[in-house]
Amino acid sequence: MTVTRWHLLQVGSCRHPEMMARRGGHLCPVDFPALVGLILHADFGPILFDTGYHRRFFTATDPFPERLYRLATPVQYADADSVEAQLARFNLSVGDIRGVFVSHFHGDHVAGLRDFGAARIFCARAGLDRTRQGSRFGRVRQGLLSALTPDDIDARATYLEALPVTSLDLCPFTEGADLLGDGSLIAVELPGHCPGHWGLIVRPAEGPTAFFIGDAAWSLAAITDNVPPPAVTTALLGETRAYRQTLTALNAVSKSAAVEIIPSHCPVTAAKWVGHE
């Protein structure tokens, strides 16, 4: 295993009523941080898990109907929040990033993707295909902004569905896709939130094993309580039954102290790990 360490960055945030992210939640808007993983791999080089927000998000949501996305989830972002600015803490630049793992293609996860022109892009073919299907309004309704997808992504993409399958000892997850062939990074399909939604298990040489789960749950509390979003939310973006099955599986994983589960929008996770060098 050649992952030396992983870190967590917060790259902007948005506000949304809690009740849309957790069944039984209140109507008041709450902050949802956009969390990005920085994985330091000794052989391959630095890899990002998603990219969070970027100034490009605002450009992409200027026209109608894309502006509906911005109105539904107001974004807080400053240039100091950018991945580029935060990489400097690790003596890295955007050109040093060798890979970007895309959990899914919603705008808050890929807004910065165009910055990493030298990076290999690990993504689901099903997710990329969805960014090119249907009307602009239909894509916005599903959280997709096609303008954020790099023009050359087909040449740089490694599709998760085509990677070698390896067994997993993380009940009830029994298999995943070995990203680099060394067992240190294992992609796991987490269906339900949207088509082509995957997480990533990171096994470092030092520190805890991390399970980056994207939007399979929006908080650790939702996982430990096994409380999904309301069906109106999961049906709007993906498939409710599959989402709830995935959440139940993550609830089983959460009972093990051996894995640190990292939801992409959890304030508790952000408070624990962002800035933890």
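Scroll up for the structure.
Our subject in this report is the structure included herewith. Computed from a prediction, not measured in an experiment: that's the story for all the values here.

A word on the packing of aromatic side chains. Counted under the stated rule, the structure contains nine aromatic pairs. Seen in terms of ring centroids, Phe44 and Phe122 are 6.1 Å apart; in terms of plane orientation they differ by 55 degrees. Their pairing is tilted. Taken together, the residues Phe44 in the loop between β2 (29-41) and β3 (45-49) and Phe122 in strand β6 (residues 120-123) connect sequence positions 78 residues apart. Taking the relative accessible area as the measure of exposure, Phe44 reaches 23% and is therefore partly exposed. Its relative accessible area of 0% is what places Phe122 among the buried residues. Aromatic side chains Phe173 and Phe211 sit 5.7 Å apart centroid to centroid with 85 degrees between the ring planes, which places their arrangement in the edge-to-face category. Highlighted residues: Phe173 in strand β9 (residues 173-178) and Phe211 in strand β12 (residues 209-214), separated in sequence by 38 residues. Judged by relative accessible area, Phe173 falls into the buried class, the value being 11%.

On to the environment of Leu71. Mapped onto the fold, Leu71 is located in helix α2 (residues 67-72). Leu71 gets classed as exposed once you look at its relative accessible area, which sits at 59%. For the pair formed by Leu71 and Thr61, sequence separation is ten residues and the distance between their alpha carbons is 9.2 Å.

Within strand β11 (residues 198-202), five of the five residues are buried, leaving the element largely enclosed by the surrounding structure. Pairing of strand β10 (residues 185-189) with β11 involves five bridges; the strand directions are antiparallel. Each residue of the ladder has a partner; that of Glu189, found in β11, is Trp198. Where β11 lies against β12, three bridges are found, and the strand directions are antiparallel.

What follows concerns the pattern of salt bridges. Enumeration according to the criterion identifies eleven salt bridges in this entry. The salt bridge involving Asp129 is made with Arg125; its shortest N-O contact spans 3.0 Å. Here Asp129 pairs with Arg125, and both are found in helix α5 (residues 125-130), just four residues apart, close to one helical turn. Three or more residues joined by partner-sharing salt bridges are found here, namely Asp62, Arg67 and Arg70.

What follows covers the nonpolar core. General note: in soluble globular proteins, nonpolar side chains tend to be found buried as a group. Judged by nonpolar contacts, the single largest core of 59 residues is most densely connected at Phe173, Phe211 and Ile213. Examining the composition of this core, we find that five residues originate from one element, helix α10 (residues 240-254), more than from any other. In this structure Phe173 touches Leu168, Val188, Glu189, Leu190, Phe211, Ala249, Leu250 and Val253, once residues within four positions along its chain are discounted.

With 15 residues, α10 should reach 21 Å at 1.5 Å per residue; the first-to-last C-alpha distance of 21 Å fits that figure. All buried positions along α10 are accounted for by Thr240, Ala242, Tyr243, Thr246, Leu247, Ala249, Leu250, Asn251 and Val253. In this structure, the buried residues of α10 make contact with β8 (165-170), β9, β12, α8 (220-225), α9 (231-237) and β13 (259-263).

Calculation criteria
- Residues numbered from 1 in each chain as written.
- Predicted model: local features only at pLDDT ≥ 70, side-chain atom pairs only at ≥ 80, totals over all residues.
- Heavy atoms only, no water.
- Phe/Tyr/Trp six-rings, centres within 6.5 Å; stacked < 30°, edge-to-face > 60°.
- Helix = DSSP H or I, 4+ residues; strand = E, 2+ residues; numbered from the N terminus.
- Buried < 20%, exposed > 50% of the residue type's maximum accessible area, 1.4 Å probe, protein only.
- Pairing = 2+ DSSP bridges.
- Salt bridge = Lys/Arg side-chain N within 4 Å of Asp/Glu carboxyl O.
- Core = buried A, V, L, I, M, F, W, Y, C linked by side-chain atoms within 4.5 Å.
- Contact = heavy atoms within 4.5 Å.
- Expected span 1.5 Å × (residues − 1).

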